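So you can see what is in the structure, the chains are spelled out below.
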Amino acid sequence: MHTQHSNQKRDLFRERSGAELHINLSAIIENYLFLQKKVESARCSAVVKADAYGLGADRISKALAKAGCKNFFVAYLDEGIALRKILKKEFSIYVLHGLIGKHEKLFLDYNLIPILNTSEQIKQWYQFCLQNNVFYEAGIQLDSGMSRFGLDEKEIKDIPLAVWDAFKPKLIVSHLACADTPEHKENTQQLEQFKKLKNFLPNAPSSLAASSGIFLGKAWHFDMVRPGAALYGINPTPREKNPMRSVVTLLGKIIQIKTIHPKTFVGYGASYKAKQTTKIAIISVGYADGFFRSLSEKLYLVHEKFMHKPLPIIGRISMDSLFVDISSLPKDATKIGDKIELVGSFNTLDSIAHAANTIGYEILTSMGNRYYRIYK
Ligand SMILES: *Cc1c(COP(=O)(O)O)cnc(C)c1O
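Since the structure is predicted, the reported quantities are computational estimates derived from the model, not experimental observations. Position numbers for residues start from 1 in each chain and track the written sequence from start to end. Residue-level local features of this predicted model are given only where pLDDT is at least 70; pairs of side-chain atoms are given and counted only at 80 or more, and the full residue set underlies all totals for whole chains, interfaces and linings. Water and hydrogen atoms play no part in the side-chain values, which are based on all heavy atoms of the structure.

Draft legend 1. Just the overall build of the chain, in detail. Scanning the chain from terminus to terminus reveals 13 helices and 19 strands. For the C-alpha atoms alone, the extent of the chain along its principal axes is close to 80 × 55 × 40 Å. Taken over 376 residues, the chain has a buried fraction of 52%. The long-range share in the chain, meaning contacts at least 24 apart out of those at least 6 apart in sequence, stands at 65%. Only four residue types enter the tally: Lys and Arg on the positive side, Asp and Glu on the negative side; His and the chain ends are excluded. Note that the charge is assigned to NZ on lysines, CZ on arginines, CG on aspartates and CD on glutamates. In the chain, 50 side chains carry a positive charge and 36 a negative one; their mean positions are 5 Å apart. Here a strand is any run of E in DSSP of at least two residues, a helix any run of H or I of at least four, and the numbering for each starts at the N terminus. Between buried and exposed lies partly exposed: a residue is buried under 20% and exposed over 50% of the maximum accessible area for its type, with that area taken using a 1.4 Å probe on protein chains only. Contacts: residue pairs with any heavy atoms within 4.5 Å of one another.

Right, dumping it as structure tokens:
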């Protein structure tokens, strides 16, 4: 009875929503298994920071854990705490931002592994371990050339040897700056620098590659790879065909249809003026939903029943809506409530990103929370 009631409630939410975001969990798993196979003996982890790039860290982590993924990465401590409520103790959760503030105990309470990024963080963790007389697991990040997180050569050399005698890093991490550009010299330089810096530390499992780094070759794999974007269907090899399966489909609903006369303006700024009698549909997705205003008049969308007929976005994208010209669709074929595909097979995350002059990562992480989400 209860489930029936909540199903009815969900159906009503679905009906009232302006757009549906379909998230294909089996495609994420397929992507995970593909990457795990590709890196052979190295372990494939999953980066689920920022709510799994906006797609729902709880559902996705559960599914990945079931598929055999043992190691998870988040950025913030609180993301780790939330994830620990979903993943049992046997799954490792690494917190990339490491130890910020005096929250060592929370890492213990929730069994989270900090990635220590500075000598201060290392000292603080070391002191904490001494006080408790146990050397708790922690990862160390090294700066191999990106100048973001991690210790550089001088900082590493300044760490007292007693520290390394006392605790062995659980994982040594660094991050590549140019992995999506395979011919960039920085990729080999960072690889060499990472190997060099690792020599100053006790021998421990290491990890350098994220999504794109996996495709640079075996030398970059070490013991663990840390893909995020590729799991969610973003192309890790932007110059080549996307080897990953597409994961998200965003369908916006038509909430109004009207026919306008020649020379009628459409939208804010009167930036668009109809050349002829035009049939327009108003879709309930706008820039507040992460459909960037900069995409105005730059993209074609498709009606889910007429996938071969590209419909131009006309006028400026508003906060909660956008216009498409549906004049090319068969007469009387469209009605209120019909769905228009904004992201999916016609416009991929990567092609939209290209049109918006950004990367697929930003399109994904901007996806709004007003969408009705459907996991399959
Ligand atoms: C975000 C992040 C990743 C995942 O990167 P993708 O390019 O999304 O695969 C891996 N490692 C670190 C340190 C990160 O910050």
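Continuing now.
Draft legend 2. Geometry of the pairing of strand S11 (residues 248-260). DSSP calls a pair of strands paired once it identifies at least 2 bridges connecting them. Note: strand S1 (residues 19-23) against S11, five bridges, orientation antiparallel. Each residue of the ladder has a partner; that of Ala-19, found in S11, is Gly-252. In terms of strand pairing, S11 meets strand S18 (residues 339-343) through four bridges, oriented antiparallel. By the bridge assignment for S18, Leu-250 is matched with Val-343. Here S11 pairs with strand S14 (residues 278-283) via six bridges, running antiparallel. Directly across from Lys-258, in S14, lies its bridge partner Ile-280.

Draft legend 3. Quick peek at the pattern of salt bridges. When a carboxyl oxygen of Asp or Glu is within 4 Å of a side-chain nitrogen of Lys or Arg, the pair counts as a salt bridge. What the rule picks out here adds up to 14 salt bridges. The shortest N-O distance in the salt bridge between Glu-40 and Lys-218 comes to 3.6 Å. Of the two residues, Glu-40 sits in the loop between helix H2 (25-38) and strand S2 (43-44) while Lys-218 sits in the loop between helix H11 (211-214) and strand S10 (224-225), which places them 178 residues apart along the sequence. Its relative accessible area of 53% is what places Glu-40 among the exposed residues. Residue class for Lys-218 comes out exposed when judged on its relative accessible area of 53%. Glu-153 is the partner of Lys-157 in a salt bridge, and the nearest nitrogen-oxygen pair spans 2.9 Å.

Draft legend 4. Spotlight on H2. For H2, with 14 residues, the first-to-last C-alpha span of 20 Å sits near the 20 Å given by 1.5 Å per residue. Looking at H2, one finds that the buried residues are Leu-25, Ala-27, Ile-28, Ile-29, Asn-31, Tyr-32 and Leu-35. Elements in contact with the buried residues of H2: S1, S2, helix H4 (57-66), H11 and strand S19 (372-375). A side-chain oxygen of the first residue of H2 lies 3.1 Å from the backbone nitrogen of Ser-26; this N-cap is Asn-24. Glu-40 occupies a position one or two residues after H2 and carries a positive phi of about 50 degrees. Given the number of residues in a helix, its expected span is that number minus one, multiplied by 1.5 Å. In protein, a polar contact means a hydrogen-donor-capable atom and an acceptor-capable atom, both N or O and within 3.5 Å, with residues adjacent in sequence counting only if both atoms are side-chain atoms; elsewhere, any N or O pair within 3.5 Å suffices.

Draft legend 5. Molecular detail of the site of the ligand. What makes a residue near a molecule or strand is one non-hydrogen atom of that residue sitting within 4 Å of it. In the vicinity of the ligand there are 13 residues, among which Lys-49, Tyr-53, Ser-211, Gly-228 and Tyr-361 approach most closely. Within the side chain of Arg-148, a nitrogen or oxygen atom sits 3.3 Å from an oxygen atom of the ligand. In the environment of the ligand, a nitrogen atom lies 3.4 Å from a nitrogen or oxygen atom belonging to the side chain of His-175. Among the residues making up the shell around the ligand, the classes are represented as seven nonpolar, three polar and three charged. All amino acids are sorted into three groups, where Ala, Val, Leu, Ile, Met, Phe, Trp, Tyr, Cys and Pro are nonpolar, Asp, Glu, Lys and Arg are charged, and the leftover types, Gly among them, are polar.

Draft legend 6. Spotlight on the packing of aromatic side chains. Pairing of aromatic side chains requires ring centres within 6.5 Å, counting the rings of Phe and Tyr and the six-membered ring of Trp. Pairs whose planes differ by under 30 degrees are stacked, by over 60 edge-to-face, and all others tilted. Taken as a whole and judged by the stated rule, the model has 10 aromatic pairs. With a centroid separation of 6.1 Å and 35 degrees between ring planes, the pair formed by Tyr-53 and Tyr-361 is classed as tilted. Here Tyr-361 lies in helix H13 (residues 360-365) and Tyr-53 lies in helix H3 (residues 49-54), a separation of 308 residues in the sequence. For Tyr-53, a relative accessible area of 7% gives the class buried. On the basis of an interplanar angle of 70 degrees and a centroid distance of 6.4 Å, the ring pair of Trp-125 and Tyr-136 is categorised as edge-to-face. A residue pair is termed long-range when its members are at least 10 positions apart, and Trp-125 in helix H7 (residues 119-132) and Tyr-136 in the loop between H7 and strand S7 (139-141) qualify at 11 residues. Taken together, the ring pairs connect Phe-107, Trp-125, Phe-128 and Tyr-136 into an aromatic cluster.

Draft legend 7. Broad picture of the packing of H2 against H4. Here H2 crosses H4 at 50 degrees, and the two axes come no closer than 10 Å. With respect to H4, the axis of H2 lies oblique. Where H2 crosses over H4, the handedness of that crossing is right-handed. Contacts between H2 and H4 involve Leu-25, Ile-28, Ile-29 and Tyr-32 from the first element and Arg-59, Ile-60, Ala-63 and Leu-64 from the second. To get an axis, fit a line to the C-alpha atoms, keeping to the stretch in contact for a helix; angles then go from 0 to 180 degrees between the N-to-C directions. Put simply, angles under 35 degrees are roughly parallel, angles over 145 are roughly antiparallel, angles from 65 to 115 are roughly perpendicular, and the rest are oblique. Here is the rule for handedness: rotate from the far helix to the near one, and if that takes an anticlockwise turn smaller than a right angle the crossing is left-handed, while a clockwise turn gives right-handed.

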